[in-house]
Amino acid sequence: MEQIKGLDKDLIKDTHLWRLALRIDENKMHVVLFCSIEDNSLIYREIPLDSAAQSHQKAIEEAIYDNPLLLSDFQRVDCVIETDKFTVIPSEIDDADVKEKIFNTTFPSFDGVMIENKLSELNATLLMGLNAELTNFIRRTFNNPNILHHLTPLCIYFNRKNKMGNAGKMYAHIHDNQLNLLSFGKDTLRLANSYAFRDPMDAVYYILACRKMLNLDPGSDEMLIAGDNSVREAITPTLREYLAYVMPVIFPSSMFKAGKDALNAPFDLIVLPLCE
């Protein structure tokens with residue numbers, strides 16, 4: 001893994017032709033940069049956030065300022081934020097006050113900014129909550145950034161893949177001891193949730209419990225897994241004791257052409273360009 005101070009301004013000559021995608025979680029910031037008109041251009045960095053910083057907010061700011069390339073003017077900027085403050089509502093609910101009331105009822109102690117991610121193809125809207133300081137910093141630092149919940153690109157990408165074939169499907173995405181589970185109906189979202197786990201067998205439990213809740217058929221409805229290879233290899237044999245079809249998600253070939261570093265980056269960042 002390349003060190004965190006490697007993103008200097010002279011690394012890219014003309015950033016106007018490049019896209020920047022960030023993924024911010026509790027301990028790390030992941031960075032993907034690539035030029036859509038140039039093969040093998042993708043640059044990936046995993047930047048640890050300083051645990052000794054004054055706050056999580058300050059750690060994020062320092063990580064960005066220590067890598068001055070990130071402050072350039074890019075063709076597009078996407079910021080994917082990992083947070084458990086989210087809920088999904090039908091897209092028919094379009095009144096702003098009603099959305100605020102739903103979110104505040106779900107998270108009565110939350111004091112921050114509610115951000116909408118529209119999932120138009122799923123007739124749904126994901127409402128996420130961020131603290132105001134982080135929201136303002138992102139909007140002030142980057143040019144017209146798209147702020148997305150970490151489940152949003154997975155919902156869009158896997159829903160489009162779900163339309164291929166007749167079998168029912170559940171998708172699992174594993175990232176840093178977090179299991180993201182998604183399942184779809186006909187143009188609807190049946191499940192989109194995240195579960196923290198310590199032992200891989202906990203991930204197996206969540207998968208089987210959610211499949212049972214959704215009445216997915218263990219003999220015919222498929223289970224597809226993306227993300228952390230070591231966890232996937234650990235849970236697949238056990239899942240195959242209960243499910244007839246357990247397979248890895250096929251890596252998108254168009255993003256592999258972007259550069260070999262794509263294989264190391266978080267899957268939700270890699271599929272972002274395919275969600276437009």
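This one's a predicted model, so the numbers in the text were calculated from it and none came from an experiment.

For the overall build of the protein chain, give the residues involved together with the corresponding values.
Summing up its helical and strand segments, the protein chain has eight helices and 13 strands in all. Against the globule reference of 19 Å for 276 residues, the protein chain gives a C-alpha radius of gyration of 19 Å, in line with a compact fold. Taken along its principal axes, the extent of the C-alpha atoms in the protein chain is 55 × 45 × 35 Å. Within the protein chain, buried positions represent 51% of all 276 residues. Taking the intrachain contacts of the protein chain between residues at least 6 apart in sequence as the baseline, contacts between residues at least 24 apart amount to 61%. With an accessible surface of roughly 13700 Å², the protein chain has 48% of that area assigned to carbon and sulfur atoms. Of the side-chain charges in the protein chain, 28 are positive and 39 negative, and the distance between the mean point of each set is 4 Å.

How would you explain helix 6 (residues 229-239) if you had to name every residue and give the values?
Listed in full, the buried residues belonging to helix 6 are Val 231, Arg 232, Ile 235, Thr 236, Thr 238 and Leu 239. End-on, the buried residues of helix 6 take up no more than an arc of 165°, which puts them together on one face. Here the buried face of helix 6 lies against strand 9 (169-175), helix 5 (200-213), strand 12 (222-227) and strand 13 (246-248).

Explain the packing of aromatic side chains to me, using residue names and the numbers behind them.
Under the definition given, this model contains 10 aromatic pairs. Note on Phe 158 and Phe 267: the rings are 5.8 Å apart at their centroids and 15° apart in plane angle, and the pair reads as stacked. Pair noted here: Phe 158 is in helix 4 (residues 152-162) and Phe 267 is in helix 8 (residues 267-270), with a separation of 109 residues, a long-range link. Exposure class is identical for Phe 158 and Phe 267. Each is buried. Both rings, one in Tyr 171 and one in Phe 184, keep their centres 6.1 Å apart while their planes meet at 65°; by these two values the pair is edge-to-face. Taken together, the residues Tyr 171 in strand 9 and Phe 184 in strand 10 (residues 178-185) connect sequence positions 13 residues apart. Phe 184 gets classed as buried once you look at its relative accessible area, which sits at 7%.

Pulling in residues and values, what's your account of the sheet that holds strand 2 (residues 28-35)?
The strand order across the open sheet built from five strands is 3-2-1-4-8, with neighbouring strands paired in mixed fashion. Each end of this open sheet is capped by a strand with a single partner; those strands are strand 3 (43-48) and strand 8 (146-149). Adjacent strand axes in the sheet meet at a mean angle of 15°, parallel and antiparallel pairs treated alike. The pairing of strand 1 (residues 18-24) with strand 4 (residues 76-81) spans six bridges and is classified as parallel.

Go over a negative patch on the surface, please, and point to the residues and values.
A cluster of like negative charges, contributed by Glu 92, Asp 94, Asp 95, Asp 97 and Glu 100, occupies part of the molecular surface. Checked against the element boundaries, Asp 94 lands in the loop between strand 5 (86-90) and helix 2 (96-106).

Please provide a residue-by-residue account of the side chain of His 30, values included.
By secondary structure assignment, the location of His 30 is in strand 2. Judged by its relative accessible area of 2%, His 30 falls in the buried class. A distance of 2.8 Å separates polar atoms of two side chains, one belonging to His 30 and the other to Tyr 44. In contact with His 30, other than residues within four places in its own chain, are Ala 21, Leu 22, Arg 23, Asp 25, Tyr 44, Arg 45, Glu 46, His 175, Asp 176, Pro 266 and Leu 269.

Basis of the calculations
- Residues numbered from 1 in each chain as written.
- Predicted model: local features only at pLDDT ≥ 70, side-chain atom pairs only at ≥ 80, totals over all residues.
- Heavy atoms only, no water.
- Helix = DSSP H or I, 4+ residues; strand = E, 2+ residues; numbered from the N terminus.
- Rg over C-alpha atoms; globule rule 2.2 N^0.38 Å.
- Buried < 20%, exposed > 50% of the residue type's maximum accessible area, 1.4 Å probe, protein only.
- Contact = heavy atoms within 4.5 Å.
- Areas by Shrake-Rupley, 256 points an atom, 1.4 Å probe, with all protein chains shown as cover.
- Lys, Arg positive; Asp, Glu negative; His and termini not counted.
- Charge placed at Lys NZ, Arg CZ, Asp CG, Glu CD.
- Arc of directions from axis to C-beta.
- Phe/Tyr/Trp six-rings, centres within 6.5 Å; stacked < 30°, edge-to-face > 60°.
- Pairing = 2+ DSSP bridges.
- Axes fitted to C-alpha atoms, helices over the stretch in contact; angles between N-to-C directions.
- Patch = residues over 30% accessible without salt bridge, like charges linked within 9 Å, V, L, I, M, F, W, Y side chains within 5 Å.
- Salt bridge = Lys/Arg side-chain N within 4 Å of Asp/Glu carboxyl O.
- Polar contact = N/O pair within 3.5 Å; in protein donor to acceptor, adjacent residues only side chain to side chain.

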